[in-house]
Number of protein chains: 2
Amino acid sequence: MRTFKLTLEYDGTDFSGWQLQSNAKRTVQGELEAVLFRLFKKRVVVIGSGRTDSGVHARGQVAHFRAVSDMPCDELQRAFNFNLPVDITVLKVEEADSKFHAQLSARRKTYSYTVLNRAYPSALLRRQCCFFPRKLNVALMKKEAAAFVGCRDFSSFANVDPSRRGDAVRTIYSLQISKRADLVRFVIESDGFLYKMVRNIVGTLLEIGSGRFPPGSAVRMLSARDRRVAGIAAVSRGLCLENVKY
Amino acid sequence: MRTFKLTLEYDGTDFSGWQLQSNAKRTVQGELEAVLFRLFKKRVVVIGSGRTDSGVHARGQVAHFRAVSDMPCDELQRAFNFNLPVDITVLKVEEADSKFHAQLSARRKTYSYTVLNRAYPSALLRRQCCFFPRKLNVALMKKEAAAFVGCRDFSSFANVDPSRRGDAVRTIYSLQISKRADLVRFVIESDGFLYKMVRNIVGTLLEIGSGRFPPGSAVRMLSARDRRVAGIAAVSRGLCLENVKY
């Protein structure tokens, strides 16, 4: 039995997210397992570093599976890319330690979020950015973003079960915001993300940057530890899982 | 009667090119005219700087139409973007001189062509680049590309009627090739392009860069003035009309 580590790129637009679903929906995990079924003639489970939602992209998602096979890694990569649909690419196949687990061994993840900030949308970028036409004060957003960096309770920024609130503590190592022409890009690195946490943080920073929430809101919302006080989630198409560190 | 100049961005993937067709195919011109019909309750013809083929993109296509209207340009832009499908964006609407003609007044055009040069494709870039897995000698391609710059007869690089061969003389002002990570990008500026000329030139340079044609081929092919001697056209999805100068 060997353990294979996959590094994946996908365009989330036409997927109902990462996770296999009982209904006939198209998922990234489902497509990967379909190829493995073709190769090995039996079900092989693929485990990702985490689930990505419908519409969310990946430039460096990591997954693993275990199988009895003597196929070299580069041949397995070619077999994947030959059989997968065009919106998933296997960037790398490596053999990993038998104890490697894509989800449980993950130490850090980085997500990016891209916003198109101008009065009209973009035909060419539409699948991979969030169109936000209201004027943004990027300097203010950067200042507010500092509140999220460090070990914090992110209850206000995650759709979590209130009875499990103690679980909402995470460490954000960095949250960078940069602007280049009409594109505002967020890059966030953490030891782990709660459900919709990046999109809730970005959505809130956009409300602050456009003047709907006053300066100081980030600190106030964090300390409230109540999902109802923070902004709504930014749309999924702007989000991309950039990499996972082990 | 006023003349309006439009600057357009579109994702060519799901269009049968620019030009309106008698069959029910989806075209950029057709979509623009459908919006104008809705606004003005009669047919208004939209004329582009040139036709782009099925699958070819634009970041700066220019078109014009003439209409009796007192609508301000920015309002017209909003009406276009509100009514157009998501794969076309009107970047700018300007009022132009009554003699302005998007095709006949054009002096220079710039196209880009993007190649992904690595062993496996890209899910996120697939709609806007040509996947070319064979190893490329970019230094050699740059050297060969110099043969195309200047006033030349491009009969070998255009699908033109042989009886009209004298019409194949064009001036290429610049042809730049750059490589950044796995992406090789061509940028070509000319006083006008023949049918499939950019894709035929890029296709030929890729054959030279990958060793299928020997060094010196570009000069030899140009002087042959015979379409049969040059390489095949590179796929349409890598091509993008960047801008048109007047």
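Not measured: the values here are computed from a predicted model.

**Q** I tried to follow the relation of the copies chain A and chain B on my own but got confused; where do I start?
**A** One copy of the chain maps onto the other through a rotation about an axis followed by a shift along the same axis. Structural alignment of chain A on chain B gives an RMSD of 0.0 Å, achieved by rotating through 180 degrees and translating 0.0 Å along the axis. These values place the two chain copies in the arrangement generated by a two-fold rotation axis. Both copies share a contact surface, since 96% of the interface residues of chain A are interface residues in chain B too.

**Q** Where do I start with the domain arrangement of chain A in this structure?
**A** How big an interface is tends to be stated in terms of the accessible area lost upon association of its parts. Residue and element names in this part refer to chain A. If you check the domain split of chain A, you get domain 1 (2-96) and domain 2 (108-245). Each of domain 1 and domain 2 has a C-alpha centre, and these two points are 28 Å apart. Taken together, the contacts link 16 residues of domain 1 with 16 residues of domain 2. With both sides pooled, the region where domain 1 packs onto domain 2 buries about 1200 Å², and carbon together with sulfur makes up 44% of that total. Considering only the side of domain 1, the residues that lose the most area to domain 2 are Asp 53, His 57 and Arg 59, jointly responsible for 41% of the buried surface there. Taken together, the connections running from domain 1 to domain 2 amount to 4 salt bridges. Between Arg 59 and Glu 242 there is a salt bridge whose closest N-O contact spans 2.4 Å. Summed over the shared surface of domain 1 and domain 2, the result is 12 residue pairs in polar contact (both at pLDDT 80 or more). Looking at the side of domain 1 that touches domain 2 residue by residue, the classes come out as 3 nonpolar, 9 polar and 4 charged.

**Q** How do you make sense of the interface of chain A and chain B when you look at a structure like this?
**A** Contacts between the two partners involve 25 residues from chain A, matched on the other side by 24 residues from chain B. Taking both partners together, chain A and chain B bury about 1800 Å²; carbon and sulfur atoms supply 54% of that area. Counting across the interface, chain A meets chain B through 4 salt bridges. Counting residues per element, the ones that place at least two in the side of chain A that touches chain B are strand S1 (2-10), strand S3 (57-67), helix H2 (73-83) and strand S4 (88-96) of chain A. The biggest single contributor to the side of chain A that touches chain B is S4(A), with 4 residues. Partitioned by chemical class, the residues of the side of chain A that touches chain B number 12 nonpolar, 6 polar and 7 charged.

Definitions and limits used
Residues numbered from 1 in each chain as written. Chains lettered and ligands numbered in written order. Predicted model: local features only at pLDDT ≥ 70, side-chain atom pairs only at ≥ 80, totals over all residues. Heavy atoms only, no water. Least-squares fit on C-alpha atoms with pLDDT ≥ 70 in both. Contact = heavy atoms within 4.5 Å. Domains from an automatic or database assignment. Buried area = accessible area lost by both parts, 1.4 Å probe. Salt bridge = Lys/Arg side-chain N within 4 Å of Asp/Glu carboxyl O. Polar contact = N/O pair within 3.5 Å; in protein donor to acceptor, adjacent residues only side chain to side chain. Nonpolar A, V, L, I, M, F, W, Y, C, P; charged D, E, K, R; others polar. Helix = DSSP H or I, 4+ residues; strand = E, 2+ residues; numbered from the N terminus.

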